[in-house]
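# Descriptive structure summary
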Amino acid sequence: MAMGQPGEHDADGSLRDWMQSGLFANVDQAAIDALSQKAHRLEVPAGATLVRQGDAADTLYFLETGRLRVLIETPMGSKAVAQIEAGEPVGELAFFGGGTRTATLQASRDSVVMALDRECYDMVVAAYPQLVPAILTAVTQRLAAVTAKTPPMEARLPRVIAVVPSGGSRTDPALLRRLADAIRRTIPDDRQVMLVRESDVPPGPASAYQAWLREHEARRGYLLIDASGDAEWGALVCRNADGLLMVADAGCSPALAPLEMAGCAAIEPPNRTLLLVRERADQPVNGTAAWLAGRDPHLHHHVARDSEADFERVARFLTGRAVGLVLAGGGALGCAHLGIVRGLQEAGVPIDLIGGTSAGAAMGAAIAQGLTVPRTLDQMEAMFIDAKAMRRFTVPIHSLLDPAVFDAELEERYGNADIADQPINFFAISTNLSTNDLHVHRRGPLWHAVRASGSLPTILPPFIDTDGNILVDGGVLDNVPVVTMRALKSGPNIVVTLGEAGQTWRIKAAYHSLRRRGQLIRDLLLRRKSDSDFPSIVEIMQRSMVVASRIASRSMLREDDILLSPPIVQGMQILDWHLGRKQAEQAARYVAEEVVANPALAALQSSGR
Ligand SMILES: Nc1ncnc2c1ncn2[C@@H]1O[C@@H]2COP(=O)(O)O[C@H]2[C@H]1O
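Here goes a summary of the coordinates provided. (Residues numbered from 1 in each chain as written. Predicted model: local features only at pLDDT ≥ 70, side-chain atom pairs only at ≥ 80, totals over all residues. Heavy atoms only, no water.)

## Here we look at the sheet that holds strand 10 (residues 160-165)
To summarise the sheet geometry, strands pair through backbone hydrogen bonds and adopt either a parallel or an antiparallel arrangement. The strand order across the open sheet formed by 6 strands is 11-12-10-13-14-15, and the pairing between neighbours is parallel. At either margin of the open sheet sits one strand with a lone partner, and together these are strand 11 (193-196) and strand 15 (299-304). Along the sheet, successive strands turn relative to each other by an average axial angle of 20 degrees, direction set aside. Pairing geometry for strand 10 and strand 12 (residues 222-226), over 4 bridges, is parallel. Within the sheet, the bridge partner assigned to Ile161 lies in strand 12 and is Leu224. (Pairing = 2+ DSSP bridges. Helix = DSSP H or I, 4+ residues; strand = E, 2+ residues; numbered from the N terminus. Axes fitted to C-alpha atoms, helices over the stretch in contact; angles between N-to-C directions.)

Right, here's the structure in full:
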């Protein structure tokens, strides 16, 4: 049943219905018949190119089935800027404009197009001029859409999803039903969610399956298509799907199954998701790395059968409604993040993916591990107050502080478990001095990510990863990693900044009160604290580091982001860990008020209950 090279395709009876349902709704039957007779159909297998940027143009197309990717070729490589869905005309710019093709069109799944050359087009519109405004409307609408969006268009969410058992797992129909139910509860009522098995689809050639898909896709819902069964069916499903959902029983062998290979060949990594299913939520998660190898999913989710919340979380990811929590850096002020998390949990707001920088990474990592807020606060106090992890001075060659105690504390508390093994999806940001770029930690030991992300330059030595990358605090480049969050998932983001809301930092100490060397050494030996509030090297470094990214981060926020700026405890600075608990309390109260005052936040409440 699998299709080969682009080729001729027989017309099918439902074409007229399809045309009249959209673009040609006001066009006479006779005109559509003429168009349909003059056009010839081309099959474009997944991955094949329909037109190439720069080529001469003498054909106008209408996409009948499938999806096309619009790729702009640049000297740096090609960039996907849009997708064309069934029912849309394509190739119109150069056809009408008279130039060469403005983009390359590639099938992202097996597709069928209706092709109309210039001679046929002229003949049909001469006989039926009413076709012209219909085509013009579509062209104008596209032009308006292109003009309206400045950045590249975000990917449309996969709606036709091939579900394959992963590794040595077998398909579990009950689990798929639960997932479909969770999706149904997540999306508006008028959309259809269908769980499809081979027996639900009328037997016949690939074109019959595509016609069936077209009919059901038109209802704008989600089709979860169980690809298990015979190999031919599996390959057909994968080649005609936008997304791949691999479902693994975490206890099975992770060796890649043939059906998954077919799925991965047809569907690209950005549209792949892996579910790792275990029996109970209290079972530890490990070995995820072996499942990710070779599958390269965009995201993976750990699902416990006894946790309805896990199913609902997956449903939110699949339908573009997952809630991201973005946590900014800011040392001890980061305890506010814990209060925010407590407040969100109490209000029933779900947290589906956590990303953070520096203190945001440290707090977020603990929550992603499944620690409670009170336990995390205990840990922070144990590290920074009891063990004095940030008060161990050294000979200042590589850094001001000796990181030995800090490292040991981090390793003990966060452990060597892979980020990928955490029950909640998580990422941390650091600044890669080797590549002069942002470094997104999605894999590797959790404590490495926390350590790298919080490596305040000159205060702590940089973290060196196994590839020799020199990593320092993420705040240097991006203290509020909302852009990274957006690249990972669609849906609302709760963005927590620290001390943002116009809080200036002025001190009472006069410049000439700066202690001189002799005074400093005497005070140090006598363990005497200065009564001046002249800023410490750590405070100066922290503030200087994030000043640029703070300005940038404000412009990164979008209208649909929910910005939370909890009030900071009066006079609290980044090393004041003893005020952490008070700060967390204050932030939790702030969230409780925000849930009432901010409708966007309130709207997320029900999805977390
Ligand atoms: N930014 C875009 N968004 C949607 N479609 C596009 C975009 N750029 C190009 N196309 C389509 O890709 C086609 C490539 O060939 P044409 O230039 O003839 O016509 C083009 C449009 O149909």
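## Considering the sheet that holds strand 6 (residues 77-85)
Read across the sheet, 4 strands follow the order 3-8-5-6 without closing on themselves; strand pairing throughout is antiparallel. Of all the strands in the sheet, just strand 3 (49-51) and strand 6 have a single pairing partner and so form its edges. On average, each strand axis in the sheet is inclined to that of its neighbour by 35 degrees, with strand direction left out of account. Pairing of strand 5 (residues 67-74) with strand 6 involves 8 bridges; the strand directions are antiparallel. Note that in strand 6 the partner of Glu73 across the bridge is Ser78.

## Focus: unusual backbone geometry
Residue Asp296 is not a glycine yet carries a positive backbone phi of 50 degrees. Mapped onto the elements of the fold, Asp296 is located in the loop between helix 10 (288-292) and strand 15. The exposure class of Asp296 is partly exposed, given its relative accessible area of 49%. Positive phi, close to 50 degrees, is recorded for Lys388, a residue that is not glycine. Positionally, Lys388 belongs in the loop between helix 14 (373-386) and helix 15 (404-414). Accessibility expressed as a relative area gives 44% for Lys388, which makes it partly exposed. (Buried < 20%, exposed > 50% of the residue type's maximum accessible area, 1.4 Å probe, protein only.)

## Some thoughts on the pattern of salt bridges
Applying the stated criterion to the full structure yields 30 salt bridges. The closest approach of N and O atoms between Arg342 and Glu585, which form a salt bridge, is 3.1 Å. Residue Arg342 is found in helix 12 (residues 335-347), and its partner Glu585 is found in helix 20 (residues 580-597); the two are separated by 243 residues along the sequence. When salt bridges that share partners are traced, they join Arg67, Glu85, Arg109, Glu217 and Asp242 into one network. (Salt bridge = Lys/Arg side-chain N within 4 Å of Asp/Glu carboxyl O.)

## Focus: helix 7 (residues 206-217)
Along its 12 residues, helix 7 runs 16 Å from first to last C-alpha, staying within 8% of the 16 Å computed at 1.5 Å per residue. The buried count for helix 7 comes to 9 of 12 residues, which makes it a mostly enclosed element. Burial in helix 7 covers these residues: Ala206, Tyr209, Gln210, Ala211, Trp212, Leu213, Arg214, His216 and Glu217. (Expected span 1.5 Å × (residues − 1).)

## So, the pairing of strand 5
One ladder, built from 4 bridges, connects strand 5 with strand 8 (residues 104-107); its direction is antiparallel. Of the residues in strand 8, the one forming a bridge with Val70 is Leu105.

## Points about the packing of aromatic side chains
Applying the stated criterion across every chain, the model contains 8 aromatic pairs. Measuring from centroid to centroid gives 5.1 Å for Phe95 and Phe96, while their planes differ by 85 degrees, and the two rings are edge-to-face. Overall, the relative accessible area of 2% leaves Phe95 in the buried class. For Phe96, a relative accessible area of 38% puts it in the partly exposed group. One aromatic cluster is present, built from ring pairs that chain together Phe95, Phe96 and Tyr121. The positively charged end of Arg118 is found above the aromatic ring belonging to Phe95, 4.2 Å away from the centroid. (Phe/Tyr/Trp six-rings, centres within 6.5 Å; stacked < 30°, edge-to-face > 60°. Lys NZ or Arg CZ within 6 Å of the ring centre and 35° of its normal.)

## With respect to the packing of helix 8 (residues 231-239) against helix 9 (residues 258-266)
The geometry of helix 8 relative to helix 9 is characterised by a closest axis approach of 9 Å and an angle of 25 degrees between their N-to-C directions. Relative to helix 9, helix 8 is oriented roughly parallel. Crossing handedness for the pair helix 8 and helix 9: right-handed. Every residue of helix 9 that contacts helix 8 at Gly234, Cys238 and Arg239 is listed here: Leu259, Ala262, Gly263 and Ala266. (Parallel < 35°, antiparallel > 145°, perpendicular 65-115°, else oblique. Left-handed = near helix turned anticlockwise from the far one by under 90°. Contact = heavy atoms within 4.5 Å.)

## Section: a negative patch on the surface
A cluster of acidic residues, Asp58, Asp117, Glu119 and Asp122, forms a negative patch at the surface. The class for Glu119 is exposed, based on a relative accessible area of 57%. (Patch = residues over 30% accessible without salt bridge, like charges linked within 9 Å, V, L, I, M, F, W, Y side chains within 5 Å. Areas by Shrake-Rupley, 256 points an atom, 1.4 Å probe, with all protein chains shown as cover. Lys, Arg positive; Asp, Glu negative; His and termini not counted. Charge placed at Lys NZ, Arg CZ, Asp CG, Glu CD.)

## With respect to the state of the cysteines
Under the criterion given, the structure shown has 0 disulfides. Free of any disulfide, Cys238 has its nearest neighbouring cysteine sulfur in Cys264, separated by 8.6 Å. Looking at Cys238, the relative accessible area reads 1%, which means it is buried. Cys252 takes part in no disulfide bond, and the closest cysteine sulfur to it belongs to Cys264, at a distance of 17 Å. (Disulfide = S-S within 2.5 Å.)

Everything listed here is a matter of geometry and, on its own, says nothing about what the molecule does.
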